[in-house]
Amino acid sequence: MAETTGGPQITQAECQQCGTLIAGLDGRYSCGLCGWVNHHSEGHRPLPRAEDDSDAAGPLG
């Protein structure tokens, strides 16, 4: 798959458990029919870090 710039890309795949066509963001999937979820490391780009979230609340406590 070609590298893209900008925000998340909607991707599609076949559920590895039941075969249903599912969509996700950047290669991360969750099947609403059978509950299968792929591991986050299988995505097409790194997940953002919590420290990079400008809307994040401050430290707890």
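Placed above this text is the structure.
Along every chain, residues carry numbers that run from 1 in the direction the sequence is written. Local features in this predicted model are restricted to residues whose pLDDT is 70 or higher, and side-chain atom pairs enter the listing and the counts only when it is 80 or higher, whereas totals over whole chains, interfaces and linings include all residues. To obtain the side-chain values, all non-hydrogen atoms of the structure were included, while hydrogens and water were left out.

Focus on the pattern of salt bridges
Should a side-chain nitrogen of Lys or Arg be within 4 Å of a carboxyl oxygen of Asp or Glu, the pair is scored as a salt bridge. Under the counting rule described, the total for this entry stands at 2 salt bridges. Asp-26 is paired through a salt bridge with Arg-45; the nearest N and O atoms lie 3.2 Å apart. Here the residue Asp-26 occupies a position in the segment after strand S2 (21-25), and Arg-45 occupies one in the segment after S2, the gap between them amounting to 19 residues. Think of it in three bands: with a 1.4 Å probe and only protein chains considered, a residue is buried below 20% of the maximum accessible area for its type, exposed above 50%, and partly exposed in between. Accessibility expressed as a relative area gives 8% for Asp-26, which makes it buried. Between Arg-49 and Asp-52 there is a salt bridge, and its shortest N-O distance comes to 3.1 Å. Under the scheme used here, helices are H or I runs from DSSP no shorter than 4 residues and strands are E runs no shorter than 2 residues, and both carry numbers assigned from the N terminus.

Digging into the pairing of S2
What you see with S2 is a clean split: Ile-22 and Gly-24 sit on the buried side and Leu-21, Ala-23 and Leu-25 on the side with no burial. When DSSP finds two or more bridges between two strands, those strands count as paired. Hairpin connection between strand S1 (residues 10-14) and S2: a loop of 6 residues separates the two successive antiparallel strands, and Gly-19 in this loop has a positive phi of roughly 85 degrees.

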